[in-house]
Amino acid sequence: MIRLAIQAKGRLNEESTEILTESGLTFEKSKRKLLTRCEDFPLEILYLRDDDIPGAVEMGVADIGIVGLNEVVEKAADVEIIHKLGFGKCRLSLAIPKSETYEGVASFNGKRVATSYPVILKDFFYSKGVSAQIHKIAGSVEVAPSVGMADAIFDIVSTGGTLITNGLKEVEKVFLSEAVLIVNKEIDNEKRTLVNQLISRFEAVERSKGMKYLLMNIPLSMVDDAAILIPGMRSPTILPLAQPGWCSMHVVVNENQLWPKLESLKAIGAEGILVLSLDKMMP
Ligand code: ATP
Ligand code: MG
């Protein structure tokens, strides 16, 4: 049995439960119960505030956790970062009032900077030889400059919309983050096996993202041309059709630019093209 900590509510909650569900795990998603057991995998799910996840995994209260890399680094948690999950992507950036001209990192010398991430910011300033006052505040960081609490902020940015709304501009991108799977460093071999099993399920789900399964009937003479039209295609499966000179071609493709690819395939004689969704891909 392993225990996994995920965010109880917030930006990572939905995608964390989604990857578990897509990995074939069935569990109660009721937010009232803070500890729930999976029905079909030896796994318990513990719902926590994201700030508490790195510490819980470090202490072994949970064996593994899903949390933003920003929280892991900020809490300086002694845990193993075992897998990047590809969601919850954001960055930590320095921003100043948009009316000011930015003259490089040195301009933060002597300034007051408000942030919920003092550890990461302190490291950054240290690496740049900047000496600034760091004010730790828990939330509403973006309003700090307009109410006179700080000269600049250091906060999470994804699209930059919140900064603009608050009259700020991003001037330094300091830290890139995404959700990661963290593991307690002292788990035994039995738990390690379960963790690895879980990771290979996650990978199967991740691999299928953005991929489609394509089937079509095509003249045998056109198979090579079709392969050129679908870049990145790994060796297609070719099955004979009753009609001489024709085959059925099956291939996994990236859904990027799917319509132009379908139109080009049609133009070289493909018929009866089917596009199917993919759930999982195991190597
Ligand atoms: P909690 O109540 O659990 O403490 P919180 O308010 O601290 O939640 P959220 O706003 O839910 O945190 O964000 C959780 C994590 O999601 C962040 O630490 C970051 O890794 C990621 N994240 C935050 N903002 C964004 C965003 N705009 N886009 C993508 N990911 C984000
Ligand atoms: Mg939090």
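Notes on the structure follow. Predicted model only: the values in this text are computed from it and were never measured. (Residues numbered from 1 in each chain as written. Chains lettered and ligands numbered in written order. Predicted model: local features only at pLDDT ≥ 70, side-chain atom pairs only at ≥ 80, totals over all residues. Heavy atoms only, no water.)

1. Digging into the environment of I238
Here is step 1: As for its position among the elements, I238 is in strand β13 (residues 237-240).
Here is step 2: Along the primary structure I238 and I218 are separated by 20 residues, whereas in three dimensions their C-alpha atoms are 9.7 Å apart. (Helix = DSSP H or I, 4+ residues; strand = E, 2+ residues; numbered from the N terminus.)

2. Overview of the site of ligand 1
Here is step 1: Close to ligand 1 lie 17 residues, the nearest being R11, R49, D50, D51 and N70.
Here is step 2: The contact in question runs from an oxygen atom of ligand 1 to an N or O atom on the side chain of R49, over 2.6 Å.
Here is step 3: Within the contact set of ligand 1, an oxygen atom lies 2.7 Å away from a side-chain nitrogen or oxygen of D51.
Here is step 4: Across the complex, the protein chains shield 77% of the 640 Å² of accessible surface that ligand 1 would expose by itself.
Here is step 5: Counted by class, the shell around ligand 1 contains four nonpolar, six polar and seven charged residues. (Near = heavy atom within 4 Å. Polar contact = N/O pair within 3.5 Å; in protein donor to acceptor, adjacent residues only side chain to side chain. Areas by Shrake-Rupley, 256 points an atom, 1.4 Å probe, with all protein chains shown as cover. Nonpolar A, V, L, I, M, F, W, Y, C, P; charged D, E, K, R; others polar.)

3. Digging into unusual backbone geometry
Here is step 1: Of note, the phi angle at A76 is positive, near 50 degrees, even though the residue is not glycine.
Here is step 2: With respect to the helices, strands and loops of the structure, A76 is situated in the loop between α3 (69-74) and β5 (80-84).
Here is step 3: With phi around 50 degrees, S140 is a residue other than glycine that occupies positive phi space.
Here is step 4: Inspection of the secondary structure assignment puts S140 in the loop between β8 (133-136) and β9 (152-157).
Here is step 5: You can call S140 exposed: its relative accessible area is 55%. (Buried < 20%, exposed > 50% of the residue type's maximum accessible area, 1.4 Å probe, protein only.)

4. Some words on the packing of aromatic side chains
Here is step 1: Considering all chains together, one arrives at three aromatic pairs under this definition.
Here is step 2: Here the aromatic rings of Y102 and F108 are separated by 5.9 Å at their centres, their planes lie at 55 degrees, and the arrangement is tilted.
Here is step 3: Ring geometry for F124 against F125: centres 6.0 Å apart, planes inclined by 40 degrees, an arrangement best described as tilted. Here F124 matches F125 in class, with each residue buried.
Here is step 4: Within the aromatic cluster, the residues linked to one another by ring pairs are Y102, F108, F124 and F125. (Phe/Tyr/Trp six-rings, centres within 6.5 Å; stacked < 30°, edge-to-face > 60°.)

5. Let's talk about the nonpolar core
Here is step 1: Of all hydrophobic cores here, the largest spans 30 residues; its most connected members are I53, L94, F108, V113, F125, F154 and I182.
Here is step 2: For this core, the elements supplying multiple residues, two or more each, are β3 (43-48), α2 (53-59), α3, β6 (90-97), α4 (118-128), β9, β10 (168-177) and β11 (179-183).
Here is step 3: Broken down by element, this core gets its largest block of residues, four residues, from α4.
Here is step 4: Both domains that furnish three or more residues to this core are identified here as domain 1 (2-88 + 178-207) and domain 2 (90-177).
Here is step 5: Each residue touching I182, except ones within four places of it in the same chain, is listed here: I53, P54, V57, D63, I64, G65, V67, V72, V79, E80 and I81.
Here is step 6: With 27 residues, the next largest nonpolar core counts F41, L43, V183 and F202 among its residues. (Core = buried A, V, L, I, M, F, W, Y, C linked by side-chain atoms within 4.5 Å. Domains from an automatic or database assignment. Contact = heavy atoms within 4.5 Å.)

6. Quick look at helix α6 (residues 189-208)
Here is step 1: With 20 residues, α6 should cover 28 Å at 1.5 Å per step; its first-to-last C-alpha distance of 29 Å lies within 8% of that length.
Here is step 2: Of all the positions in α6, only L194, V195, L198, I199, F202, A204, V205 and S208 are classed as buried.
Here is step 3: Between a side-chain oxygen at the N-terminus of α6 and the backbone nitrogen of E190 the separation is 3.3 Å; the capping residue is D188.
Here is step 4: The positive-phi residue at the C-terminal boundary of α6 is G210, with phi of around 75 degrees. (Expected span 1.5 Å × (residues − 1).)

7. Concerning the coordination of the magnesium ion (ligand 2)
Here is step 1: All of the protein donors around the magnesium ion (ligand 2) are D50 (OD) and D51 (OD); their distances to the metal are 2.0 to 2.1 Å.
Here is step 2: Accessibility expressed as a relative area gives 18% for D50, which makes it buried.
Here is step 3: The exposure class assigned to D51 is partly exposed, which follows from its relative accessible area of 28%. (Donors = N, O, S within 2.8 Å, 3.2 Å for Na, K, Ca; no water.)

8. Focus on the sheet that holds β8
Picture the strands of a sheet paired through backbone hydrogen bonds; they go either parallel or antiparallel.
Here is step 1: Read from one edge of the open sheet, five strands run β8-β7-β9-β6-β10, paired in mixed fashion. If you trace the sheet from one side to the other, it starts and ends with β8 and β10, each paired once. When the angles between neighbouring strand axes are averaged without regard to direction, this sheet yields 25 degrees.
Here is step 2: With five bridges connecting them, β6 and β9 associate as antiparallel partners. Looking at the pairing, S93 lines up with D155 of β9.
Here is step 3: Where α4 meets the sheet, it contacts β6, β7 (112-115), β8, β9 and β10, and its direction lies at approximately 170 degrees from that of β8. (Pairing = 2+ DSSP bridges. Axes fitted to C-alpha atoms, helices over the stretch in contact; angles between N-to-C directions.)

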